[in-house]
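One-letter residues, chain by chain:
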Amino acid sequence: MNSPAATAPRWFVVDDESLILSLAEQVLRKFSTADVRACADPREALERMSVAPAGLELLVTDLNMPGMNGLELARRVRALAPRAKVVLITGNALAVPDDRTLRSHGVDFFLPKPFGAHELMAAVRKLCGVASLRAA
C-alpha cells in the first residue's frame, strides 16, 4: 500500500462504534487522496493530531463517546488547528445540540446517522473543496 504524499492533508475519523469508524474511514480513503486516520478513542485521536496540527484539515467525530464527547474534541481540535473543519455525527436525534452550541465548539457541519458515502462526501466537499478528492 502506498503511503500518502508528505503534503497530503490529514483527515481523522473518531467514533467508538467500530462499524461506523471502519465504514467512514473506508469511504474517505476511497474517494480522497488525504492521509486518513481512524481512532476509536477521542483522547488518543487528540494526541495523534497534536503531533503535526498544521497538516490537519478535517475531523469527522461522533458526538457521544466515552472519555470525551465530540463537542469537546471539536473544541480542542479547533484550538490546536484553527483552520481544520469539523463534521459532527450522531445517531441520537434527541442529543443534537443547537446551532449556537455547535458553532461555539467549532463544528462546521452536522451529519445525522445513518448516513451513506454520498452524504459524507458531500459534507467533505462542502467544507474542504475538491483538491483532496479523487476524480470519479
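What you see is a predicted model; the values in this text were computed from it and never measured.

**A few points about the side chain of Thr90**
And then number 1: Along the chain, the position of Thr90 falls in strand S4 (residues 85-90).
And then number 2: Residue class for Thr90 comes out buried when judged on its relative accessible area of 3%.
And then number 3: One polar contact links the side chain of Thr90 to the main-chain amide nitrogen of Asn92, over a distance of 3.2 Å.
And then number 4: For Thr90, the residues in contact, after removing those within four places along its chain, are Asp62, Leu63, Asn64, Val96, Phe110, Leu111, Pro112 and Lys113.

**Describing the pattern of salt bridges**
And then number 1: All chains considered together, the criterion is met by 9 salt bridges.
And then number 2: One salt bridge connects Glu17 with Lys113, and the closest N-O pair in it is separated by 2.9 Å. Placement of the pair is Glu17 in the loop between strand S1 (10-14) and helix H1 (18-31) and Lys113 in the loop between strand S5 (109-112) and helix H5 (117-128), with a sequence separation of 96 residues.
And then number 3: Looking at Glu17, the relative accessible area reads 39%, which means it is partly exposed.
And then number 4: On the accessibility criterion, Lys113 (14% relative accessible area) is buried.
And then number 5: Between Glu72 and Arg76 there is a salt bridge; the shortest N-O distance is 2.8 Å. In this pair, Glu72 and Arg76 are both assigned in helix H3 (residues 70-80), 4 residues apart and thus about one turn of the helix distant.

**Remarks on the confidence of the model for the protein chain**
And then number 1: Taken over all residues, the pLDDT of the protein chain has a mean of 93, while the share at 70 or more is 95%.
And then number 2: This stretch, residues 1-5, has a pLDDT under 50; its non-local contacts, to residues over four places away or in other chains, come to 2 contacts.

**Quick look at the state of the cysteines**
Two cysteines joined by a covalent bond between their sulfur atoms form a disulfide.
And then number 1: If you walk through the whole model with that rule in mind, you get 0 disulfides.
And then number 2: Cysteine Cys128 shares no disulfide, and the gap to the nearest cysteine sulfur, in Cys39, comes to 18 Å.

**Brief notes about the sheet that holds S5**
And then number 1: Here we have 5 strands laid out as an open sheet, ordered S2-S1-S3-S4-S5, and parallel in their pairing. Strand pairing shows two members of the sheet lacking a second neighbour, strand S2 (35-39) and S5, which therefore form its edges. Put simply, the sheet's adjacent strands are angled 15° from each other on average, direction ignored.
And then number 2: Here S4 runs beside S5; their pairing, made up of 4 bridges, is parallel. Bridging across to S5, Leu88 finds its partner in Phe110.

Rules behind the numbers
- Residues numbered from 1 in each chain as written.
- Predicted model: local features only at pLDDT ≥ 70, side-chain atom pairs only at ≥ 80, totals over all residues.
- Heavy atoms only, no water.
- Helix = DSSP H or I, 4+ residues; strand = E, 2+ residues; numbered from the N terminus.
- Buried < 20%, exposed > 50% of the residue type's maximum accessible area, 1.4 Å probe, protein only.
- Polar contact = N/O pair within 3.5 Å; in protein donor to acceptor, adjacent residues only side chain to side chain.
- Contact = heavy atoms within 4.5 Å.
- Salt bridge = Lys/Arg side-chain N within 4 Å of Asp/Glu carboxyl O.
- pLDDT = per-residue confidence, 0-100.
- Disulfide = S-S within 2.5 Å.
- Pairing = 2+ DSSP bridges.
- Axes fitted to C-alpha atoms, helices over the stretch in contact; angles between N-to-C directions.

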